[in-house]
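The chain contents come next:
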Amino acid sequence: MQQDLTPATQHLIFIGGGHAHAIALLMMAMKKPAGVRITLISNLVQTPYSGMLPGLIAGHYNFDQIHIDLGRFCRYAGIDFIEDSVTGIDPTNRTVQCLNHPDFSYDLLSIDTGSTPDLSAIPGATEFSTPVKPVRQLLSYWEALQNKVMQGDDSQEIHIGTVGGGASAVEVLLAMQYKLYKMLKKQQRSTDHLHFHIISGPQQVLPSHNPRVQKRYLKVLQDRNIKLHKGFRVSQVKQGRVISETGQTVELDEIIWATAAQGAGWPASAGLECSDNGCIRVNDYLQSLSHPDIFACGDIADMVNYPRPKAGVFAVRQGAPLAHNLQAALTGQAFIRHKPQKQFLSLVSTGDRFAVASKGPFSLAGDWVWRWKDSIDQRFMRRFSDLTELPDQTPGTQLKIENPDMRCGGCGAKVGHSILNRVLKQLPPPPNDIEIGLNRPDDAAVIDVPEGKLLVQSVDSFRQLVNDDFLFGQIAANHALGDIFAMGAQPHSAQALVSLPHASDEIIEQRLRHLLLGASKVLSACNIGLIGGHTSEGTELTLGFTINGLADRQQLLTKQGLQPGDKLILTKPLGTGTLFASDMRSQAQGHWISLALKQMLHSNYQASQILTAAGAHACTDVTGFGLVGHLHEMLNGSGLSVRLRLAKLPLLDGTLACLRAGIFSSLHPQNRKFEHSVLNIHEFDGEILTEVLFDPQTAGGLLAAVSAEQAEQVVGELQASGYSQACIIGSVRQEASDQVILA
Ligand SMILES: Cc1cc2nc3c(=O)[nH]c(=O)nc-3n(C[C@H](O)[C@H](O)[C@H](O)COP(=O)(O)OP(=O)(O)OC[C@H]3O[C@@H](n4cnc5c(N)ncnc54)[C@H](O)[C@@H]3O)c2cc1C
């Protein structure tokens, strides 16, 4: 992908990765305005495409097929992806608040966070039913329901019902029935104990569809033995039953809620003009009526001139005009009006690869309609999964940028004093035992090393690994601390070296704040803080740390010290090199990266304490040289060998898939030079797992040699402390000198 190096002067934030945003982001990625930083904040890495959800429930699709991988897509499109939940906005100060990140500042905002059924109005609905949205919650419930039925006793009756007679209620129930029957029949079990109900407030099903569709569906429900409770307006839900306004009761063991949708409460709380259902009122440009620098689309938006039902088809159609109008707002061009269609093609499935199509008064049905729907849906999803053709990153309309090529080098490249001061004030106060640090800034920090202690020092620096600065700050600090923990030392203090790409002061300040707050979060967890550093502007983001630690001489862990018979323990799984190389090429799945990031954020602090307490004979952290490179260092000159159990190596999800795809970190070929340290590598020719040995790690685990007697117990302690994949990967032998032997 061609990179836009124009300094960013405006920040466009998309909240929520709904259908409308997915399309708008796709279009904006194709022609990005120069000098605009684009961020997507989504609480999910993979957002569901609702049109295919009943197909997933019925078992026709798998999870990945019906989810747009936002993480992967954003990486491809050069958009910053932040995995977090937005909890509020401050339109006056133009900031966005999130659950797990510091505030983000914006110049322009777009909101597409969808809707959820309104359970609050009906007593008991929240406690005793499951809403169809959020979809992730519905899918967990569905998993549990399938287990309940499959592990249950066929003599026990189960009544399953959806509340709401609209398309989603009917589709979900039919899909569930289809799948449960199929699973039971496969085991030659009876289905007679399962009963299905639709509780519809109106006097018919699919009230927004034409009478032909309604008739067809009545027939389907009859044929499938699904009981329709018409005109049943639920007024109360109790454990195991729903009660109507007229006092009728339907016994239901499982209640799925699919009634009218409502928006989240935070837009209204922020002062945005909203309808009673919490949806943001927008004009024909999809612009908030009360806040012109905020746009909204999809279910969360109410177009005041064109009221429409909440449906994905409308959200998808809003994507293109939204992209245009956001570009126009950034560049001062004219907006275009969006007039949603009055009649739209509706394709409603019946779970069994059969669907009913309707538009206005027309209706068609059949297996072929399902295949038609399937091809439309798959085509839509391919727009986000087939990322082979790189978007044209040639900057679109140019924004006005003050002398982009006239930035100073040397000391003139320092980040401005006032920005730095404002950011530093927001960091946690430094620990008290610092002689001179940020508490009393001077030309250099001064550390009072206690008598009898050794000063252990390490330095590390990184290029940007992820487009989430707060996360990157945490990972970089965690990685840098790894060396101190590998030495069995106590961290004492840190200095940061930051280089930020040229941008407007506001953007520089936000990025610096996120980076340093991220780093401080990790440092504070180890009871240490920043005592100094240096910030400058450059062509790309880099972040480094000098970490100081203190250790008693006798407690110091070093790479040397392996003893015959020792067991080798690795505390964290391998694979970050290939995974992030794949991510850079948009070839890694978003959830692999999400899980890898969680591992990278896991501190080695506790592992170091456990290993020190166990009297580990040798220790190192697995980082850039890969497992074999670091083993080579441990073995060097020892005259010993390590027998490594290749199949036992703990791996991050997606590692083998990335290696099989032939994607290696740029450091991998260098690490391959340690091949000579593996005595019998030729015996494993062509075995992809051997590549893991040379994969460089960021914020990798500790690799320690522990006596055989203690090894199992140490692994148990590590696992109990959250290093869930910690394991014994080999043992120290006297079979060959300074060699790794694969087993
Ligand atoms: C079972 C079912 C089947 C359906 N089938 C169809 C159909 O066939 N055709 C059709 O037209 N419509 C269908 N719909 C309706 C359709 O789901 C919605 O109209 C559509 O999803 C709305 O899209 P959206 O762009 O508003 O946002 P959504 O697709 O709802 O996405 C919103 C996104 O924002 C994220 N988000 C939410 N809150 C936050 C937050 N605070 N911070 C960060 N991120 C957040 C969510 O995780 C999600 O990724 C169906 C609905 C259901 C429940």
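Residues numbered from 1 in each chain as written. Predicted model: local features only at pLDDT ≥ 70, side-chain atom pairs only at ≥ 80, totals over all residues. Heavy atoms only, no water.

The name an unreviewed UniProt entry assigns to the chain is Selenide, water dikinase, from the organism Amphritea japonica ATCC BAA-1530.

> Any chance you could explain the overall build of the chain here in plain terms?
Across its full length, the chain carries 20 helices and 35 strands. At 29 Å, the chain has a C-alpha radius of gyration in line with the 27 Å of a compact globule built from 743 residues. Taking the principal axes of the C-alpha coordinates as reference, the chain spans close to 85 × 65 × 45 Å. Going through the 743 residues of the chain one by one, you find that 56% of them count as buried. For the chain, restricting intrachain contacts to residue pairs at least 6 apart in sequence, the fraction spanning at least 24 positions comes to 76%. About 31600 Å² of surface is accessible on the chain, with carbon and sulfur atoms providing 49% of the total. (Helix = DSSP H or I, 4+ residues; strand = E, 2+ residues; numbered from the N terminus. Rg over C-alpha atoms; globule rule 2.2 N^0.38 Å. Buried < 20%, exposed > 50% of the residue type's maximum accessible area, 1.4 Å probe, protein only. Contact = heavy atoms within 4.5 Å. Areas by Shrake-Rupley, 256 points an atom, 1.4 Å probe, with all protein chains shown as cover.)

> Sorry, what's going on with the nonpolar core here?
One recurring pattern in soluble globular proteins: nonpolar side chains tend to sit buried together. Judged by nonpolar contacts, the single largest core of 108 residues is most densely connected at Phe-14, Ile-89, Val-96 and Ile-111. Among the elements that make up this core, the one with the highest residue count is helix H6 (residues 167-186) (eleven residues). When residues of this core are sorted by domain, at least three fall in each of domain 1 (10-115 + 263-343 + 359-385) and domain 2 (125-260). (Core = buried A, V, L, I, M, F, W, Y, C linked by side-chain atoms within 4.5 Å. Domains from an automatic or database assignment.)

> What is the right way to look at the sheet that holds strand S6 (residues 86-90) in this model?
By way of backbone hydrogen bonds, the strands of a sheet pair with one another, either parallel or antiparallel. In spatial order, the strands read S6-S7-S8; together these three strands make up an open sheet with antiparallel pairing. Among the strands making up the open sheet, the edge pair consists of S6 and strand S8 (104-105). Two elements, S6 and strand S7 (residues 95-98), share four bridges in a ladder whose sense is antiparallel. Within the sheet, the bridge partner assigned to Gly-88 lies in S7 and is Gln-97. (Pairing = 2+ DSSP bridges.)

> Honestly, the packing of helix H1 (residues 19-30) against helix H10 (residues 367-385) in this entry has me stumped. Any pointers?
For any two helices packed against each other, one specifies the inter-axial angle together with the distance between the axes. Following both chains from N to C, one finds H1 and H10 inclined at 50°, their axes separated by 11 Å at the closest point. Put simply, H1 runs oblique to H10. Crossing hand, H1 versus H10: left-handed. In contact with Ala-22, Ile-23 and Leu-26 of H1, H10 contributes Phe-380, Arg-383 and Phe-384. A per-class count over the contact of H1 with H10 returns five nonpolar, no polar and one charged. (Axes fitted to C-alpha atoms, helices over the stretch in contact; angles between N-to-C directions. Parallel < 35°, antiparallel > 145°, perpendicular 65-115°, else oblique. Left-handed = near helix turned anticlockwise from the far one by under 90°. Nonpolar A, V, L, I, M, F, W, Y, C, P; charged D, E, K, R; others polar.)

> Where do I start with the pairing of strand S33 (residues 702-706) in this structure?
The side chains of a regular strand alternate, first on one face of the sheet and then on the other. Counting buried residues along S33, five of its five residues qualify, which places the element largely inside the surrounding structure. Burial of the side chains of S33 extends over both faces: Leu-702, Ala-704 and Val-706 are buried on one face and Leu-703 and Ala-705 on the other. The pairing of strand S31 (residues 618-621) with S33 spans four bridges and is antiparallel. Its bridge partner lying in S33, Thr-620 is registered against Leu-703.

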